[in-house]
Each structure stands twice: as structure tokens, then as C-alpha cells.
Amino acid sequence: MFRNLKYVKSLQRPLIRVLHIKSPLQSSSSLKGIVSSVKSNVELPREVPYIIDGQNYRYKEGSIYHGFLCERIEPIADFGLMSCTLRHLGTGTEFWHLDSRDIQNVFSIHFRTKPLDSSGLPHVLEHLVLCGSKNWPVRDLFFKMIIRSVATFTNAMTGPDYTMYHFSSKNEIDFRNMQQVYLDAVFRPNLLFMDFLQEGWRLEHKNIHDQNSDIVIKGVVYNEMIGSFGDNSRFFKQKMLNYLLPNNSYGHIATGTQLEIPNVEHEDLIKYHRKYYHPSNARIFSYGSFDMKKTLEFIDKEYLSHYDRIDTSFSSTPSEDRWSKPRYASIQGRPDSSINLDHQNRVGIAMLMCDVTDIQENFELKVLSELLFRGPNSPFHKSMIKPNFSGGYTKWTGYLPTCRDTYFNVGLQDVADDDVELFEVLFDDTVYKASREGFDSKHVEAILSALELLRKQQSEYKRLLYKSTVLWNHDGDVVSNLRISDMFETLRDRLKNNPKYFEQKIEKYFINNKHKLTITMRPNEFHEIERQQAEAKLILRKLEGTSDQDFEKIYENGLKLEAFQKAPQNIEVLPCLSINDVQKPFPRPQINELTLRGVSTMINHEPIAGITYLKCMFNTTGLSLNDAILLPLFCRVFSEMGSSNHDHRQFDNLLLSKMARVECTAKIVENVTDCKTYRLGLLMKTYALDKNVCDMFRICEDLLLNFQFEDTELLKILIRNYISKLKLEVKKTGDLHAMLCSSALVTNAAQLKSLLSGVDHIHYMKKYVKENSIEAIRDSLKSIGSKIFSRSNLRVAINTSENNVFNVLGDYERFLTHLPTIKQTVDSKEIFLLEPSFRYYNIDMPISFCAKTFFAVPYAHEDHPALRVLAKFLTSKYLWPVVREKNGAYGAGARIGFDGLFNVHSYRDPNAAKTMDIFDKTYEWLQTHRDKLDEQSLFEAKLAALQLVDWPISAGEVGLDSFVLGATYDIYLQYRSRVLAVTLDDVQNIIEKYYRNEPKHFGKCILGPKSKVIEVKEMFKDVNVKV
Ligand SMILES: [Zn+2]
């Protein structure tokens, strides 16, 4: 499971990296004129293929580099990389380097960590490894390191049978620093008992200073898993895996369950670490342009040369024995109070497929899976989604190559009791029919084209690692697995030679496959009560036979842990960048702005490998409030209903065969310079291969001019699925929703955001759908479309390669010519501030999400960078230690957005009321802990703020922030230099200015369980608590 460090680093994608040049060319003359002015000298391409003949390559097969034998060197043309595979002679450790010219460099080390039960031992160990090591004896190493680095990504994760530690950075000094810390952490962790109590589990007095108070059970991982499995989607997927592959690693839960985590003992961790974190059981990966030999030298000298080789067969997971007949499982989930209990079933079927190391088969099964379930032309969509008896597919429906044996699964959520049985019949009928009738050739071609396009677009560094980890873990051929073009070619050949190819695959893997699991999850209305009772019993069991001495130990450990957490740490021992090591700002990108057919257009020529990206922003600020609230639904359905020229099925095939799906979102954007006005817009994004750009514009034109909502049956399905998905979002990103809610209490623009995407939106939409006929909804959506798709409301951004600009502009101009011109009457609306208030929302989770927001200053204001630095300081020195470490929340932090709103928030929080109090006492804490704000902590906060400002972006997204938010590259530069220039005095002044007095405009919000309402009301007697 991912340790969700986004709460430390950043909650949002970085706000602004403005990439914008004003070209002198403001109005169009001739197309040729435009093209010649758009062309310019691009400096270093982002994705220069890096394919070198083995003879001339700097590393050679058979050579030994610092104790590593280079076994295999091969170019990977699909990704423009050279692959070097090495093995350490002493320990057998595998090392894989993907050599590229990318300045993003990635490093990862992973161990095979087979779970032996569901106590979550590998997961607790993952946490403990990051609590300090021999060279770096610092608690919460990970977090302490993040704030001393400009890493672009850092994470650790416990998979079903492996544990991985990985990071990326563009700065070589930083990269080496992080490498030193990671390697020492995994090979020489301290694994202290106190850290075990904090991270794993412990019994403790409710009031640790009162020996007569009740005994409770606590621990970071313990709480994390209660929260994690509080999410029905996750729990369903986990149990499906456990039942489908019961005999080996996957029959257990590597991350642990609430009731079994307390079976882990401290000594077990130490023993497990010794055995499983041995170099022979490790696989090390690096990617990028930094010198591989330096990495090898360091690893060999500091670590591997001190070990012998061991036999690691103990850690491999064998293939599952195939079943002779299908099996059934039934589990219980958390109820959702917003819908009838008899309509909340989840049902799914999972079928075991092939060995993950069979690369070509794996690839073909992935294609087959897409053919079977994705989009309106697929058989499962026709048989299960079209009849509209559920809330749509369950999350993770499809092909999952995440274990030794891969599997396919399809599931439905929000199914009525009476329809549960129907599911299996439908499943069998569907696969039987597909095995007889096969697939329409247009459908096959569309899916293959879509996958090829996706592959081209996803040649991103992190994905290469994720794509390879499971396969590597089971000794698969990771290098061949990246030769995607070969796999496509082989498949196309096979399809040509055998027209029944997929039918035979269905026969083999679906009709004749007895390894089939049908799993049902029914809601249990007593779920939470039973969970609490089980916890109480667990505590009693743990206390059974406890002597007076043991009780004394519990009391003592509580006090010791508190002292341990409070003890000052010497984090100075950790490596840290200096301000001189911080990289330069982003180079000024090559963007030209021009006006074509009256439409303001940004042409950004990025050296992108054969793909053109299109973004259209329609200003919709003039919509009435009722229409505006429906805009997100409009965005969700309008590209899925086809056009008057092509019904939705034809349209889907057409689209997939030529371009990426059209993605639409409603955007509310505050003016970044003064925050006095905002705009509402509809952002439409898509992309296509350069050769298909003409078709891309034609298809977009067809959609914008001829969209249709006449098929009300289809509309009903899309709406039902939309509502089901919305509910799931809250549980996944509860902290973001809490911030949306608290922000909504501060400005009218944020209020509208909450109505368009927050909990308020869900409430509104549920009611709206109940109270309005499908015909009325259809008419409303139609009328929205007729108001917004106009050239007069449009701005466009196109990212393409330089040599493609001429073609693109010709097609683009034709596209514009056909769009109507309906003048938008409202350009922007005024922002006003609201009176302070507090809201509590019930959600069906055992834990809470809290937020407090106040209005500070606009993004371009000179105080904004210092406030961002303060937010980072508060996160690391106040909120993280107090709300997470002491108060038991899984995450906490502070941030300021481009909307000028300053937020503090907590994530999966067991003590919401206490956290709100901590938020309120920020100034008090800042006063009494003035010593914490010193040069080093200021520098760390500045680095963290810079990480946000300089966040890497993909070629297709360059200029997006500028396009959407309307800020300039110069503002970015100014913002960045202001961050670097912030002094201690600046921060003190900011604290006095914004924190001394309670702000005039603030909002507080908790999303939490019903059971906590009374407690909260009690706590905030003087505030108007609205539930
Ligand atoms: Zn965890």
C-alpha cells in the first residue's frame, strides 16, 4: 500500500508554472506568416531517442563495474532508451539501469517480501525502516528528508509480495543524498522498540498520565488499515484477491487487518528484516542521465561488499494450483446511508489467467480484456451496463497483472438484492456469446489504436518502473516487456492468420477455465458497531492473564513513548542541499500567442514524439446557477452520447481509432492578480498522433456542433454511474473535500466550486436526479450545450512538435471556421467574502477529515510566497508532529492555493474535535515555539515550497497552468525568486499580520461519522454547527 506522502509534499498539483511568451504576432495575417513566426529554435528536446549501437556504447556486456557484472545491454527503441542489466558478483543483487537523456532520474530498491499471515508485518516493517538507521538515526526519516531535498517524487509501498522504496529527482546532488539515505535505511535500520510502538500497534491508557483510565489500542499502521478498509472498493478488491489465490502469498493481506496487526511482535520484525532485506533478495533500479557507475560504486562499497550471497528461493511465490470447479465467496461491507440498504450490493467475478512472466500472453489478455469490457461496443457493457440495473463497474474492473498469476475481473456496484443472482448468468452468457460471435473488426482496430496511442503518451519514467516491478519480482524478462511495438506486431500477425484468434482465447480462459470466483459483498448495517466490539474484544484478549507488572509496563511505555516523541532530534546529521544546489528555473518555453478567426490561441511547440495535444477552454461564466451546477454532469456525459451523425457506439469506435477520449471538466478560476473576480469555464482536452490531427479536429467539430442527448436510456445509465462514482470520490480524497467545504464558507467562488465538485454537489445532484424527469434533464443539458460551444467564448492551446505546426494550423483553422459565434454576455463575476461559519457533514467512514480555511492574498501578491513557506513550516513542525504523531491522524498539513485561500487540514483523523482545536491554537504554538523557526527550518520550508513551484510536467501539459489560470512566465519567475528571498523576519511579519487576530473571513469543516456529532457540538458551543 502506498504511504500517502502527498500530504507531506503537496496536496495539489503545483499551481502555476507559467510558460508563456507574448509573441509580437497578435492577429492573423496569412497561415504561412503564422507558421514561420511560430517556428523557432527549440533548445534541448525533452525526448530525444537515445539509441546507440552496442559497439559504441559506453558500457559493455561482460565488463565488471565496481563488483557488478554487466550481463545484457540492449536498446529499447519504443522508449528511446538503452537498457543495462547487471548482477553483483558477491551477493547476486540484480541492478537494472535505463539510460536516457532525461534530467528526471529515478532510483528504486525493492525486496521480495512474502507475507506469512495477515498481520501486516511487511507493512509495519516498511514504516519502521523509515524511522532511522545507523548513519541517519532520525525518526520519521522519510519526512525529514523530503524537506531537505528537491525530489520530485518520494514514496514507499507494500505490495502483495514485495516492498518498494523509490524516489526521483532532477538534481544530481539531491539524487545522491536521497540514495545514501534510502540505502542505509533499508540495509541498516535501527528498528527501535519505541518506533515499533508508534508505527505498529500498542496498548495504552486513554489518558497516558492516568493509570486508572481505560486501555485503548493505537498505532499508525493499525489506524491506517482501519481507514483503508473503511473504503468498500478497496476491501472488495483485497478480498477478491485473497479468495481467488488462497494458497500462497496472496491468500494473506500484506498490509495487515485491524484484528491481526496486533499479532506482530517487535522481534518478528527484526528476524524478518534480517532474512528478507538481504541484498541477495533485493532488486535495484535506476533511470535517467546521471552516471550509473557512481551509483554502483557507492552501493558496492558501502553495502553489498559487506554481505555474502544467500539462496533466496524462500521468498518466491509459486503459481496457484488451478481449481477443478468454480468457487463462491460472500463478504460484508460498510453501509451507505444515502441509498436503500437493499440496493448496495457489490458483485464480481474473477478468473485466473496466465503467469505474469508470459509477456506476449499477458499483453494479449490485456487487449482482450479491453475488448470485453471497455466502452459501449464491448460485450460486458452491452449486457451489464446497458440494462442499467447497477451503479456501473466496480473500480479495478479489467485485467490485473499485479501478482504471479494474472487475473481478469468484472464487477458491478450498487446492485439490488434481486439482481445479484442475475450477475453470474449474465457473465456466463456474455462470454459464451463473445466466444461464438467474436468482435467486430472495427472495434478491435479501435481498441488496438487506443492502446497504441496510450502507450506512446505514457512513456513517462515512473510508469516504466511500475510496469516492470511485478514482472521483475517474479524473474520475468523486464527488457523484452518494454518492446511494445513487437508485441503489437505479433498480435496483429496472429489476428491476420487466424480470424478466430480472440474467440479461441475466450474459450480457453473463460469457457473452459474452472478457476473462477464469484464474490458478493452485502452491506452490514451493524458494520461499525461490530468493528468496535471486535476491537474491544481484541483489547480484552490482549489483556487476558496480564499481571500487575504487565499493567505497569503499559503505563510506563505510554510515558516513555511520549517522552521519546517529544525528545529533540538531531536532524542536522542528514544530508541537505544548499541554496546553491537548487536548480535553475524552468527554461522559457516556446509558446506563441496568436489570434485566429477571432480565437485567442497558444501554440506551444514542444518536441513531443509524434503527438499533438489540443485544449479548448469555453468561457461559461454567464450560465445561470442552475445550469452551472449541471455543468460537471454535462462534461461527464456529452462526449459519450455520440452525435447526430454517429450513434454513441459508432462514435466511440471512430474516436478510439483516431484519438484519445475527450476529457471535459468544469473549471472555476480566480483572477490570480487581485482575486476580485472569477470565471467559470469548460475545459475540453484530447490528443492524437500527428498523422490523425485532421481527424481529431473533425471529430471534435462533429461533437461540438452535433452533440445529442436524445437517447434517454443511455443518459439514465450515465447519470446513475456518475452519482455512484461521486460518492466514492469523497472517501478517497476526503481531505480535499473537507478543504472544498471549508473554503466554500469563505468566498462565493469557492462556494460555487463546492457546488460543482464538493460534497454539496453530491447532495444537490442526488436530489436533482430524484426530482426531475429524464426528459427534463435531457432538455437542460441540451440547452447548456447550445449556450456554450461558440467561437466567441473560446480560447485554445495546442502543443505540438515544431515540424508539425503547419499541418496543425491548417486543420485548426478549418475547425474554427465551422464553429458558431454566440456572444457570451458575462466575462467574469465578482468575488465576495462570507461571514465565518462551521459545518459538519456525515460520511460513512469510521474516521474524519478536517479543514479550516481563511482568505489570505491573491497568488501574485508579494505575501503569497512567504505564506506558502509558512504553510510548509507549519506542516513539518506543527501539524505533522502534533496531528499525526500525537493525535493519530494519517496525514495533516497546510497549504495556500492560487485562489488565495490558506487551508489547514487532516486526513483519516480519529480525533476530529481535538484537531480542530489544534488548528485554532496555531498562533499560540507559533508564539511559544519561536525557537523552531530558525535558518535551517526556514531553508527546509523554502525547499518544500520550491518543489511545488518547480514540479515537473509532461510535454502535453506544458503551458497548461498559464492557459487555464492566465498567469505569465514572468509571474512564475518573480514568484520563484520571492520564495528564495524569504527571510526569518518576513515569516515573523507574516505570522503577526495573518495570525495574531482571528481572520475576518474563515470557515471550518469536518467530514466525519455520525457518532462524533455530539462530541463536536460540545466542543464548539459558541459556533453555529450546521449538520
Ligand atoms: Zn502504511
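This one's a predicted model, so the numbers in the text were calculated from it and none came from an experiment.

Caption draft 1: Spotlight on the overall build of the protein. Helix and strand counts for the protein come out as 36 helices and 28 strands. Relative to a compact globule of 1027 residues, whose C-alpha radius of gyration would be 31 Å, the protein shows 29 Å and is just as compact. Each of the three principal axes of the protein carries a C-alpha extent, and together these read 85 × 70 × 65 Å. A burial count over the protein gives 61% of its 1027 residues as buried.

Caption draft 2: Seen up close, the coordination of the zinc ion. The protein atoms that coordinate the zinc ion are His123 (NE2), His127 (NE2), Glu224 (OE) and Glu224 (OE), at distances spanning 2.1 to 2.7 Å. Classification of the site at the zinc ion as irregular follows from its four donor atoms and the range of 53 to 150° in their angles at the metal. When the donor residues of the zinc ion are listed from N- to C-terminus, their spacing reads H-x3-H-x96-E. Here the residue histidine 127 occupies a position in helix H3 (residues 121-129), and glutamate 224 occupies one in helix H7 (residues 220-228), the gap between them amounting to 97 residues. Comparing histidine 127 with glutamate 224, the two get one shared label, buried.

Caption draft 3: Region of the structure containing the pattern of salt bridges. One pass over the structure, following the stated rule, counts 54 salt bridges. In this structure, lysine 294 engages glutamate 172 in a salt bridge whose closest nitrogen and oxygen atoms are separated by 3.9 Å. Within this pair, whereas lysine 294 is found in helix H10 (residues 292-302), its partner glutamate 172 is found in helix H5 (residues 172-187), the two being separated by 122 residues in sequence. Judged by its relative accessible area of 28%, glutamate 172 is partly exposed. A salt bridge links glutamate 562 to lysine 566; its shortest N-O distance comes to 3.9 Å. Placement of both glutamate 562 and lysine 566 in helix H19 (residues 548-566) is noted, with a separation of four residues, approximately one turn of the helix.

Caption draft 4: Representation of the sheet that holds strand S3 (residues 81-88). What the eight strands build is an open sheet, ordered S1-S2-S3-S4-S10-S5-S7-S6; its pairing is mixed. Two strands lie at the open edges of the sheet, namely strand S1 (64-65) and strand S6 (153-158), each paired on one side alone.

Caption draft 5: View of the environment of threonine 673. Of note, threonine 673 is situated in the loop between strand S19 (663-670) and strand S20 (677-689). For the pair threonine 673 and proline 858, spaced 185 residues apart in sequence, the C-alpha to C-alpha distance is 5.9 Å. Polar side-chain contacts of threonine 673 include one of 2.6 Å to the side chain of asparagine 671.

Caption draft 6: View of the pairing of strand S5 (residues 105-112). With eight of its eight residues buried, S5 lies for the most part within the structure. In this sheet, strand S10 (residues 282-288) lies alongside S5 in antiparallel orientation, the contact comprising six bridges. What sits directly across from histidine 110, in S10, is arginine 283.

Caption draft 7: Here's a closer look at the nonpolar core. Counting residues in hydrophobic clusters, the biggest one holds 84 residues, and the most contacted among them are Phe638, Leu682, Tyr812 and Leu1007. Element by element, the count of residues in this core is highest for helix H20 (residues 625-638), at nine residues. Here this core spans two domains, and each of domain 3 (593-830) and domain 4 (837-1020) adds at least three residues to it. Excluding residues within four positions of it along the chain, leucine 1007 makes contact with Val730, Gly734, His737, Ala738, Cys741, Val759, Tyr841, Ile843, Ile847, Ser848 and Phe849. Membership of the second largest hydrophobic core comes to 71 residues, among which are Cys70, Ile109, Ala156 and Leu203.

Caption draft 8: Expanded view of the layout of surface pockets. In this structure, the second largest pocket occupies an estimated 1,300 Å³ of space. Lys206, Val216, Lys218, Pro910 and Asn911 are, among the 40 residues lining the second largest pocket, the residues nearest its centre. Of the residues forming the lining of the second largest pocket, the biggest block, six residues, is contributed by helix H18 (residues 527-543). In the lining of the second largest pocket, the residues fall into 14 nonpolar, 10 polar and 16 charged. Shared between two domains, the lining of the second largest pocket takes at least three residues from each, and those domains are domain 1 (63-317 + 555-566) and domain 4 (837-1020).

Caption draft 9: Representation of a negative patch on the surface in the model. Together, Asp548, Asp550, Glu552 and Glu556 make up a region of like negative charge exposed at the surface. Tracing the backbone through its elements, the reader meets aspartate 548 in helix H19.

Caption draft 10: Broad picture of the packing of helix H25 (residues 748-757) against helix H26 (residues 759-771). In contact at an axis separation of 5 Å, H25 and H26 are set at 55° when each is read in the N-to-C sense. The orientation of H25 with respect to H26, classified from their angle, is oblique. Here the hand of the crossing between H25 and H26 comes out right-handed. Between H25, through Ser754, Leu755, Leu756 and Ser757, and H26, the contact on the second element is made entirely by Val759, Asp760 and His761. Of the residues in the contact of H25 with H26, the class split is three nonpolar, three polar and one charged.

Caption draft 11: The domain arrangement of the protein, seen in detail. Examined at the domain level, the protein breaks down into domain 1 (63-317 + 555-566), domain 2 (335-523), domain 3 (593-830) and domain 4 (837-1020). Here domain 1 and domain 3 have C-alpha centroids that lie 41 Å from each other.

Caption draft 12: Just the sheet that holds strand S12 (residues 345-355), in detail. In spatial order, the strands read S11-S15-S12-S14-S13; together these five strands make up an open sheet with mixed pairing. A single partner strand is all that each edge strand has here, and the edge strands are strand S11 (327-333) and strand S13 (398-400). Averaged over all adjacent pairs, the angle separating strand axes in this sheet is 25°, with direction ignored. Looking at chain direction, S13 and strand S14 (residues 405-415) are connected through three bridges and run antiparallel. Opposite leucine 400, over in S14, you have tyrosine 407 as the bridge partner. Running over the sheet, helix H13 (residues 420-437) touches S11, S12, S14 and strand S15 (516-523) and is turned about 30° from S12.

Caption draft 13: Inspection of the state of the cysteines at higher detail. Counted according to the given criterion, the structure contains zero disulfides. Looking at the unpaired cysteine 741, the closest cysteine sulfur is the one in cysteine 1005, lying at 4.2 Å. The class for cysteine 741 is buried, based on a relative accessible area of 2%. Free cysteine: cysteine 850, not disulfide-bonded; nearest cysteine sulfur from cysteine 1005 at 8.3 Å. Overall, the relative accessible area of 0% leaves cysteine 850 in the buried class.

Parameters and conventions
Residues numbered from 1 in each chain as written. Predicted model: local features only at pLDDT ≥ 70, side-chain atom pairs only at ≥ 80, totals over all residues. Heavy atoms only, no water. Helix = DSSP H or I, 4+ residues; strand = E, 2+ residues; numbered from the N terminus. Rg over C-alpha atoms; globule rule 2.2 N^0.38 Å. Buried < 20%, exposed > 50% of the residue type's maximum accessible area, 1.4 Å probe, protein only. Donors = N, O, S within 2.8 Å, 3.2 Å for Na, K, Ca; no water. Tetrahedral: all angles 85-135°; square planar, octahedral: opposite > 155°, others 65-115°. Salt bridge = Lys/Arg side-chain N within 4 Å of Asp/Glu carboxyl O. Pairing = 2+ DSSP bridges. Polar contact = N/O pair within 3.5 Å; in protein donor to acceptor, adjacent residues only side chain to side chain. Core = buried A, V, L, I, M, F, W, Y, C linked by side-chain atoms within 4.5 Å. Domains from an automatic or database assignment. Contact = heavy atoms within 4.5 Å. 1 Å grid on protein atoms, 1.4 Å probe; cavity = no way out; pocket = protein on both sides within 12 Å on 5 of 7 lines; lining within 4 Å. Points joined across faces, edges and corners; volume = space filled by probe spheres on them. Nonpolar A, V, L, I, M, F, W, Y, C, P; charged D, E, K, R; others polar. Patch = residues over 30% accessible without salt bridge, like charges linked within 9 Å, V, L, I, M, F, W, Y side chains within 5 Å. Areas by Shrake-Rupley, 256 points an atom, 1.4 Å probe, with all protein chains shown as cover. Lys, Arg positive; Asp, Glu negative; His and termini not counted. Charge placed at Lys NZ, Arg CZ, Asp CG, Glu CD. Axes fitted to C-alpha atoms, helices over the stretch in contact; angles between N-to-C directions. Parallel < 35°, antiparallel > 145°, perpendicular 65-115°, else oblique. Left-handed = near helix turned anticlockwise from the far one by under 90°. Disulfide = S-S within 2.5 Å.

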